[in-house]
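Residues per chain are reported as follows:
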Amino acid sequence: MKKITLILLVLSFGLTITAQESNYKIKNLDTNTKYSDFGVSYVGENEAIFASSRTTKVVRTALWDNALPFLDLFKGTLTEDGQINNVNQLISKEVNTKFHESNVAFTKDMKTVYFSRNNYIDNKFTRGSNGYNLIQMYKASVSEDGEWTNIVPMPFNNDNYQTGHPALNKDDTKLYFTSDMPGAIGETDIF
């Protein structure tokens, strides 16, 4: 009886894997570079936004010991086969600062966007009590022409812990994000 149950479980698992393989296809996009390219969010049916360090934006200051490329947000046009073409840096210096920006989430009506960036707003670079500048989450309004305006930090941000990687549930009633804030179970949890 145990052998029959084991065989049925293995067959069931195999059928499940086969069924899943036929529903999805993973491929490397032509727009990928040797740099960090990640965090795709879709803007309607025809555009995508993603983070990349493909830019030559390198900061050499006392803020970091080594020069390193920073992430910016890029926008591209989606093709029928899922490629991202016509990739351009996104919007303005109000969005892409001289530090990191990444991971965006739009509300369904496309009027609000949440995103991650270094704790840097209004040209003010803020360090926590540990001496580090941390990643924080921001909210912006999206105008009719797609420009991000009224960029504000989220009320739960704190100079001494990170918040980022926003995601919205299906009906935009819950905002999920990662953080290492006090009360986290691990080093970084989903809130």
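Everything below is about the structure shown above.
Residues numbered from 1 in each chain as written. Predicted model: local features only at pLDDT ≥ 70, side-chain atom pairs only at ≥ 80, totals over all residues. Heavy atoms only, no water.

A. Structural detail: the sheet that holds strand 8 (residues 112–118). Taken together, the four strands give an open sheet; going across it, the order is 7-8-11-12, and neighbouring strands pair in antiparallel fashion. A single partner strand is all that each edge strand has here, and the edge strands are strand 7 (101–106) and strand 12 (148–153). Shown here is a sheet whose adjacent strand axes are inclined to one another by a mean of 25 degrees, direction ignored. Where strand 7 and strand 8 come together, five bridges link them in antiparallel fashion. If you follow A105 over to strand 8, its bridge partner there is Y114. (Pairing = 2+ DSSP bridges. Helix = DSSP H or I, 4+ residues; strand = E, 2+ residues; numbered from the N terminus. Axes fitted to C-alpha atoms, helices over the stretch in contact; angles between N-to-C directions.)

B. Examining unusual backbone geometry more closely. For M110, which is not a glycine, the phi torsion comes out positive at approximately 65 degrees. On the secondary structure map, M110 appears in the loop between strand 7 and strand 8. Here M110 falls in the partly exposed class, since its relative accessible area comes to 25%. Even without glycine at this site, H165 takes up a positive phi of about 55 degrees. Relative to the helices and strands, H165 resides in strand 13 (residues 163–168). (Buried < 20%, exposed > 50% of the residue type's maximum accessible area, 1.4 Å probe, protein only.)

C. Region of the structure containing the pattern of salt bridges. Applying the stated criterion across every chain, the model contains three salt bridges. A salt bridge links E47 to K75; the nearest nitrogen and oxygen atoms lie 3.7 Å apart. With E47 in strand 2 (residues 47–52) and K75 in strand 5 (residues 72–78), this pair connects stretches of sequence that are 28 residues apart. When its relative accessible area of 27% is taken as the criterion, E47 is described as partly exposed. Between E101 and R117 there is a salt bridge whose closest N-O contact spans 3.9 Å. Pair noted here: E101 is in strand 7 and R117 is in strand 8, with a separation of 16 residues, a long-range link. (Salt bridge = Lys/Arg side-chain N within 4 Å of Asp/Glu carboxyl O.)

D. Main features of the pairing of strand 5. The element strand 5 is extensively covered by neighbouring structure, given that five of its seven residues are classed as buried. With six bridges connecting them, strand 2 and strand 5 associate as antiparallel partners. Paired with S52 across the strands is D72, a residue of strand 5.

E. A look at the side chain of D37. Tracing the chain through its elements places D37 in strand 1 (residues 37–43). Within the structure, D37 has its side chain in polar contact with the backbone nitrogen of T33 (distance 2.6 Å). At 3.0 Å, the side chain of D37 and the side chain of R54 are in polar contact. (Polar contact = N/O pair within 3.5 Å; in protein donor to acceptor, adjacent residues only side chain to side chain.)

F. Up close: the pairing of strand 1. Sheet analysis places strand 1 next to strand 2, joined by five bridges and oriented antiparallel. Across the sheet, V43 pairs through a bridge with E47, a residue of strand 2. In this structure, the hairpin formed by strand 1 and strand 2 is closed by a connection of three residues, where G44 is found at a positive phi of approximately 65 degrees.

G. Highlighting the sheet that holds strand 13. Spatially, three strands are ordered 13-14-15 in an open sheet, and the strand pairing comes out antiparallel. On the outer flanks of this sheet lie strand 13 and strand 15 (189–190), each paired with one strand and no other. Summarising the sheet, strand 14 (residues 175–179) and strand 15 pair through two bridges and their orientation is antiparallel. By the bridge assignment, T178 is partnered in strand 15 with I190.

H. Expanded view of a negative patch on the surface. There is a patch of like negative charges on the surface, built from E94, D122, E144, D145 and E147. Along the chain, D145 turns up in the loop between strand 11 (135–142) and strand 12. Accessibility expressed as a relative area gives 65% for D145, which makes it exposed. (Patch = residues over 30% accessible without salt bridge, like charges linked within 9 Å, V, L, I, M, F, W, Y side chains within 5 Å. Areas by Shrake-Rupley, 256 points an atom, 1.4 Å probe, with all protein chains shown as cover. Lys, Arg positive; Asp, Glu negative; His and termini not counted. Charge placed at Lys NZ, Arg CZ, Asp CG, Glu CD.)

I. Main features of the nonpolar core. In this structure, V104, F106 and W148 are the most contacted members of the largest nonpolar core, which totals 15 residues. Elements supplying a minimum of two residues to this core: strand 2, strand 7, strand 8, strand 11 and strand 12. Looking at which element gives the most residues to this core, the answer is strand 11, with three residues. Residues contacting F106, with those up to four places away along its chain left out, are Y42, V43, I49, T112, V113, V142, W148 and L168. The next biggest cluster of nonpolar side chains, apart from the first, holds six residues, and it includes Y114, M137, M154 and Y161. (Core = buried A, V, L, I, M, F, W, Y, C linked by side-chain atoms within 4.5 Å. Contact = heavy atoms within 4.5 Å.)

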